[in-house]
Amino acid sequence: MCSKIFMCLIGAVHIYFQVLAAVEDLYIAELMVESNVTMEADQILSILNSTHDIKLSDLTTVILSHNELVAECLLIRNESTCSCSTGYIWSNPVCNQFNCCREAPCPQNVSHIVPLCVAKVNVHLNGSVILATGTWDSGKTSMLVTSFAGLNGFNFLNVTGQREVNKVADFEAAVTVKMPTDRLHDIVRYLEINLGAVLKIDTEGMVTIEAPTTTVCYESTPQLKCKFEEVSDNAGWSKKTLNESLGLNTGSVVKLIDNCATEEYKSCVGVKLQNVTGLWSGLYECAFTSGSVRHIAKTSLTVVLLPDYINLDIDPISADCSEKTPTQKVTMRVNATISDSTESYNVWWSFNGKRKGNLYNTSDGYDLVYTFSVDISCQENPVSQEVSVTFENIVGQNKSAKVIIPVVYQGAPFCKAGYDDTGEFWPICPAEDTLIDKKCKPGRVGYRSRTCKGRNWQPPISFCVDQELNKVSNAADYFLMGLGATEEGAVNIFSGLKNRSTVDSDSPDSIADIYQSIDVLNVMARASDNFPLEENIFPDFVDAASNLLNGSWSNVNQSRKEDMAANYLRSVEGLTENINVNNSKEFGSNNLDLKFCSSSDCNVTVFGIDVNLNKTNGTLKAVGIKNLMDKLKNNFRETQYASLILSATLKDKNSLSVKIELDFPRIQSNGDKPYCVFWNTSEGDWSDAGCAVKYGNADSTVCECNHLTSFSVLMAKEDISTDVLDMITYVGLGVSIGCLVIFLTVEYLVWAAVVKSNLSHFRHTAIVNIAIFLLLANCSFLVPAEKFGENWCHFFTVCKHLFFLAMFSWMLCLSVMLVHQLIFVFNPLRKRVFMFLSSIIGYVCPILIVGSSYVFCKYTEKPYYDKKTCWLVYEGLLRGSIHAFLLPVGAVIFTNLFSMVVVIVTLLKSSVPDGSKSDDKETAKGIIKVVVILTPVFGVTWIIGFGLLLLDKENPFYTVANYSFTILNSFQGLFLLITGCFAEKKVRDEIIKLIMAKLKGNKESTKNLTSTTYTKDK
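Residues numbered from 1 in each chain as written. Predicted model: local features only at pLDDT ≥ 70, side-chain atom pairs only at ≥ 80, totals over all residues. Heavy atoms only, no water.

A. Up close: the overall build of the protein. Looking only at helices and strands, the protein features 20 helices and 55 strands. Across the 1018 residues that make up the protein, the buried fraction comes to 45%. As displayed, the protein offers around 51,800 Å² of accessible surface, 55% of which is attributable to carbon and sulfur atoms. (Helix = DSSP H or I, 4+ residues; strand = E, 2+ residues; numbered from the N terminus. Buried < 20%, exposed > 50% of the residue type's maximum accessible area, 1.4 Å probe, protein only. Areas by Shrake-Rupley, 256 points an atom, 1.4 Å probe, with all protein chains shown as cover.)

Given below as structure tokens:
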């Protein structure tokens, strides 16, 4: 008896589930049919073709869409012959169990094996055999071929070449079935043992890859995905170029996806490319690694291109209309240059936003150049003269670049053409504009700029960077994107940076290199947030960073130097924190000293700075930095910098609170006050928040801080504040504000009763104005304006300046009025005259002084206020906005002193005729009373402040004067309440009467008390 068994493949089976929305799944199934010898395969296929759908027991509908014959077995008694259909080959179970591993029929009954036959796939193997000893020969080739010939679907194996004096043999092989990785591992182990070698194998055809099948748009976000049926050790992506393979890791553009594994595909890795440009067009490879075997797949990604960079050059770099009439024109030549491209662009140029004409390129080596001319009118135009070039690709996307042409019009201010200190020529330039020259010396790329301020040239700034350093910078930018973001890539970047940083940092051409090198450090610090770096880059990193501090950076303006220094410090701190440390203890160079500590009690020393930190976990990284302090901004309390910075970071910590102690060697020993500070990256300046001086002596300063960052010690030359003085100031001002409110309330209540003559009216008017402006000034002083931002700081500086000047102006009015009354007894001031003059002096003059000083500072571009203290600026003798306060206040104080002397002399003269001892005592009492009463209202106590300007800090009277000035002037409101209110009998009596009337409830008495008589002007 004989029978046939047919194995049919039913493909594209559609199952429709009866749910709210039809969900379609695709299945591949096998159908085994056992029949007698008379039945043919064609009969089975015809039956299947006539069957369209099948209803299953769970009411699921299955639609049969495709079927084909996979295998056929002929069974005659105990003999069996099976064969696979064309395009199919025996499955791995058949090969492993029955040794049927080729396309030939299998002489055994394998019909029960599932799957029996599988579709052929092209799997290519590329590998290398690296011999430990000996050389490659034909015997080793035979062993290699024999070992791989046991693979299912084996086609061939060829040795393609030998390298390194025949110690390395490269080979290629091909099979038509996906094999288990374990099978390859068995072959590798066998050959490594018997050949005494190391094998590395790449397979291609084992991995399923998904990628866009069409060209993707510029700045779109395509995704690629690779899937593998087995579990692998690791997986990754790379981008292939002609010369190298650049690994991909998560960065600003690349986002790896590693959570896409399924039950069928146990290993999966995807990559999302965000906002792709032409850089990302090319060949991509994914790889799943298991031991020495890599399973790879490749695909191409094509991006519709646009120029990544459009370089616009104008010749000349400015338009000179200074000697031309408004009807004339200047012709400018414009070149637009892009890298050579296969894209067919539609290109046009525009002038002031209006499209002018199409452009066509000429080839210039590796670049494409588009050239045109534009006529610039010499008719003065407030609108900038702007030329732009636009590139449009085949899908309508476009990209533009523009350049603004500086024009010197007739009669307008400008800087003359001429040579700078380096011998470079600069053409004429309009005032308040900047010229850009894109011509650099050979071996450098970039541009130079020079600004015309008023009619004077500013020093030129070079951005012409060494070509090799520019390549390092580009590699760092790619690393940040995620392209080439591997450990090897990081090592190459820091090695290149080290080699290019050994330059004379004070030469004019090197400032651009230093700036670019610091930018590379900053880029790598940002990249290390996504890709942790290993400690093997520390030597080159430390040496490169140290080399950048060898000079003083003298050929750069102060603001740019401060920005460079702040960026340097932030970058070094970020890299030090993110680089992993395993076994290393320290790295050192001339300007950087780096130490690590993993123990719970850390005590390390960097550049003589002792660092102590108690912690429960994590690794302390402490780096000392020389030659950077003088380059950083310092607006902290008029202090001078020390020579060292210490940056401390704690990696892998889980405690939120830390306490670090730092012992800085004391370089200044002249008695200056030390401050423990840290670099506040958000403010870009030094701050003492969370840090304090624990103790110090002539040799060292010990700081204690409750956070980790970059620390240093600043020495104060002019700062005279102490905690005691600050407490006295705030308490005194608070008391003064309360007393002034009471004083003004009392004046309001008793005004009608005490102001019954012109003299009393003059006096109380002046004192009330003095109290009001002192109250406003004290309130403005207490506001911590520096914490609310620059605008509020500016506002309260103006307020304090105005209110204090107005207070002193009314003090002047009071003293002048008093002297006039004493000298011109029979010619008293009329009320209208006093009110008019005092209003001019008390209101108008302060406004004029404050306004003119502000306008002067604005016009001369000098600072009006200090952003840290929110007060006027002192720059030196008769220099700085503070003199708009000191000079008028000094004049008022000395005028008031003269008035006090006149009053005292008048009292002495009035006591001369009698000459009795009792009269002398009364005179002395009168003089003391005059001094006590007039001192607060004349502002005489402020004269102590002028004494502080003259006294040296080492003078024993300095501290006495400092405390006296603080106490007397912070409590000025209290003294004004005592002398201006309670010391005057009329006011005191009226207050008592008001209180008594209130207690008795005598309304009539209160009414009488408030009745007034007025003395009219004569």
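Once the structure has been displayed, the description carries forward.
B. Seen up close, the nonpolar core. Phe 541, Tyr 568 and Ile 625 are the most contacted members of the largest nonpolar core, which totals 57 residues. Broken down by element, this core gets its largest block of residues, 10 residues, from helix α7 (residues 510–527). Once residues lying within four places of it in the same chain are set aside, the contact partners of Ile 625 are Leu 549, Tyr 568, Leu 569, Val 572, Asn 591, Leu 592, Phe 607, Ser 643, Leu 644 and Ile 645. In terms of nonpolar packing, the next biggest core, distinct from the first, is built from 56 residues, Leu 775, Cys 799, Met 811 and Tyr 864 among them. (Core = buried A, V, L, I, M, F, W, Y, C linked by side-chain atoms within 4.5 Å. Contact = heavy atoms within 4.5 Å.)

C. Main features of the packing of aromatic side chains. Overall, the coordinates contain 30 aromatic pairs when judged by the stated rule. With a centroid separation of 6.5 Å and 45° between ring planes, the pair formed by Trp 426 and Trp 457 is classed as tilted. Here the residue Trp 426 occupies a position in strand β33 (residues 425–426), and Trp 457 occupies one in strand β38 (residues 456–457), the gap between them amounting to 31 residues. For the pair Trp 426 and Trp 457, a shared accessibility class is recorded, and that class is buried. (Phe/Tyr/Trp six-rings, centres within 6.5 Å; stacked < 30°, edge-to-face > 60°.)

D. Spatial organisation of the pattern of salt bridges. Applying the stated criterion across every chain, the model contains 21 salt bridges. Salt-bridge contacts for Glu 285 lead to Lys 298; the nearest nitrogen and oxygen are separated by 3.9 Å. Of this pair, Glu 285 sits in strand β19 (residues 282–290) while Lys 298 sits in strand β20 (residues 293–301), placing them 13 residues apart in sequence. Looking at Lys 298, the relative accessible area reads 37%, which means it is partly exposed. Each of the salt bridges in this network shares a partner with another, and the network as a whole consists of Asp 202, Lys 240, Glu 285, Arg 294 and Lys 298. (Salt bridge = Lys/Arg side-chain N within 4 Å of Asp/Glu carboxyl O.)

E. View of the packing of helix α5 (residues 467–481) against α7. The interhelical angle for the contact between α5 and α7, taken along N-to-C directions, is 20°, at an axis separation of 9 Å. The pairing of α5 with α7 is recorded here as roughly parallel in orientation. For the crossing formed where α5 meets α7, the hand is left-handed. Two secondary-structure elements touch here, α5 through Leu 469, Val 472, Ser 473, Ala 476, Asp 477, Phe 479 and Leu 480 and α7 through Asp 513, Gln 516, Ser 517, Val 520, Val 523, Met 524, Arg 526 and Ala 527. Along the lines of polarity and charge, the residues of the contact of α5 with α7 split into 9 nonpolar, 3 polar and 3 charged. (Axes fitted to C-alpha atoms, helices over the stretch in contact; angles between N-to-C directions. Parallel < 35°, antiparallel > 145°, perpendicular 65-115°, else oblique. Left-handed = near helix turned anticlockwise from the far one by under 90°. Nonpolar A, V, L, I, M, F, W, Y, C, P; charged D, E, K, R; others polar.)

F. Spotlight on unusual backbone geometry. In this chain, Val 114 is followed by Pro 115 through a cis amide linkage whose omega measures -5°. Looking at the secondary structure, you find Pro 115 in the loop between α2 (92–98) and β8 (117–119). The amide bond that connects Asp 315 to the next residue, Pro 316, takes the cis arrangement and shows omega of 0°. By secondary structure assignment, the location of Pro 316 is in the loop between β21 (311–315) and β22 (319–320).

G. Quick peek at a nonpolar patch on the surface. On the surface, Val 833, Phe 836, Leu 837, Ile 840, Tyr 843, Val 844 and Leu 848 cluster together into a nonpolar patch covering about 610 Å² of accessible area. Here Phe 836 is to be found in helix α13 (residues 831–860). (Patch = residues over 30% accessible without salt bridge, like charges linked within 9 Å, V, L, I, M, F, W, Y side chains within 5 Å.)

H. Layout of the sheet that holds strand β24 (residues 346–351). Read from one edge of the open sheet, 4 strands run β25-β24-β28-β29, paired in antiparallel fashion. On the outer flanks of this sheet lie β25 (354–359) and β29 (398–405), each paired with one strand and no other. In this sheet, neighbouring strand axes are inclined to one another by 25° on average, regardless of whether the strands run parallel or antiparallel. Across 8 bridges, the pairing between strand β28 (residues 385–392) and β29 is antiparallel. Directly across from Gln 385, in β29, lies its bridge partner Ile 405. (Pairing = 2+ DSSP bridges.)

I. Examining the packing of helix α6 (residues 487–500) against helix α8 (residues 538–547) more closely. α8 packs onto α6 with a crossing angle of 30° between their chain directions and a minimal axis gap of 8 Å. Handedness of the α6/α8 crossing: left-handed. Contacts from Val 491, Phe 494, Ser 495, Leu 497 and Lys 498 of α6 reach α8 at Asp 540, Phe 541, Asp 543, Ala 544 and Asn 547. Its residues placed into classes, the contact of α6 with α8 shows 5 nonpolar, 2 polar and 3 charged.

J. Expanded view of the environment of Gly 454. If you trace the backbone, Gly 454 turns up in the loop between β37 (448–453) and β38. Once the C-alpha coordinates of Gly 454 and Cys 415 are considered, the two residues, 39 residues apart in sequence, prove to be 7.8 Å apart. In contact with Gly 454, other than residues within four places in its own chain, are Cys 415, Ala 431 and Glu 432.

K. Here's a closer look at helix α3 (residues 138–149). Compared with the 16 Å implied by 1.5 Å per residue over 12 residues, the 16 Å span of α3 between its first and last C-alpha is a close match. Where the residues of α3 are buried, they touch β9 (123–131), β10 (154–163), β11 (168–175), α4 (181–195) and β12 (197–204). A side-chain oxygen of the first residue of α3 lies 3.1 Å from the backbone nitrogen of Gly 139; this N-cap is Asp 137. (Expected span 1.5 Å × (residues − 1). Polar contact = N/O pair within 3.5 Å; in protein donor to acceptor, adjacent residues only side chain to side chain.)

L. Region of the structure containing the environment of Glu 704. With respect to the element layout, Glu 704 can be found in strand β52 (residues 700–705). The class for Glu 704 is partly exposed, based on a relative accessible area of 27%. Taking C-alpha positions, Glu 704 is 9.9 Å from Val 677, a pair spaced 27 residues apart along the chain. Apart from residues lying up to four places away in sequence, Glu 704 is in contact with Lys 659, Ile 660, Glu 661, Gly 690, Cys 691, Ala 692 and Lys 694.

M. Representation of the state of the cysteines in the model. Scanning the model with the defined rule gives 13 disulfides in all. There is a disulfide in this structure between Cys 260 and Cys 268, and the S-S distance comes to 1.9 Å. Across the S-S bond of Cys 260 and Cys 268 the torsion is about -100°, and the bridge reads as left-handed. Residues Cys 260 and Cys 268 agree in their burial class; the two are buried. Between the sulfur atoms of Cys 793 and its disulfide mate Cys 870 the distance is 2.1 Å. Judged by the sign of its S-S torsion, about -130°, the cystine formed by Cys 793 and Cys 870 is left-handed. Taken together, the residues span a long stretch of sequence, with Cys 793 in helix α12 (residues 790–823) and Cys 870 in the loop between β54 (865–866) and β55 (871–872) at a distance of 77 residues. (Disulfide = S-S within 2.5 Å.)

N. Summary view of the confidence of the model for the protein. For the protein, mean pLDDT is 84; residues scoring 70 or higher make up 86% of the total. Overall, residues 9–23 carries pLDDT values under 50, and its contacts beyond four positions in sequence, including any with other chains, amount to 58 contacts. The low-confidence segment residues 1009–1018, where pLDDT is below 50, has 16 contacts with residues more than four positions distant or belonging to other chains. (pLDDT = per-residue confidence, 0-100.)

O. View of α7. Taking 1.5 Å per residue as the helical rise, α7 with its 18 residues ought to reach 26 Å, and the 25 Å between its terminal C-alpha atoms agrees with that figure. Most of α7 is tucked away: 15 of the 18 residues are buried.

P. Examining the sheet that holds β12 more closely. The sheet built from 8 strands is open, its strands ordered β10-β11-β9-β12-β20-β19-β15-β16 with mixed pairing. The open sheet has two edge strands, β10 and β16 (245–248), and neither has a second partner. Sheet twist, expressed as the average angle between the axes of neighbouring strands with direction ignored, equals 25°. Bridging between β10 and β11 involves 8 bridges; their strand directions are antiparallel. When the sheet's bridge partners are listed, Gln 162 is paired in β11 with Ala 169. Relative to β10, α3 is tilted by about 150°, and along the sheet it contacts β9, β10, β11 and β12. Each of β9, β12, β19 and β20 is contacted by α4, which is oriented at about 155° to β12, the strand it contacts most.

Q. Spotlight on the side chain of Lys 227. Within the fold, Lys 227 resides in strand β14 (residues 223–228). A polar contact of 2.8 Å, which involves the side chain of Lys 227, links it to the side chain of Glu 210.

R. Structural detail: the pairing of strand β42 (residues 592–597). Along β42, 6 of the 6 residues are buried, which leaves the element largely enclosed by surrounding structure. What you see with β42 is no split at all: Leu 592, Leu 594 and Phe 596 on one side and Asp 593, Lys 595 and Cys 597 on the other are buried throughout. In terms of strand pairing, strand β41 (residues 586–588) meets β42 through 3 bridges, oriented antiparallel. Each residue of the ladder has a partner; that of Gly 588, found in β42, is Asp 593. Between β41 and β42, which follow one another and run antiparallel, lie 3 residues. When β42 meets strand β45 (residues 619–626), the two strands line up antiparallel, connected through 6 bridges. Counted as the bridge partner of Phe 596 is Lys 621 from β45.

S. Spotlight on the environment of Val 168. As for its position among the elements, Val 168 is in strand β11. Along the sequence, Val 168 and Ala 197 sit 29 residues apart, while their C-alpha atoms lie 9.3 Å from each other. Filtering out sequence-adjacent residues up to four positions away, Val 168 remains in contact with Ser 128, Val 129, Ile 130, Gly 161, Gln 162 and Arg 163.

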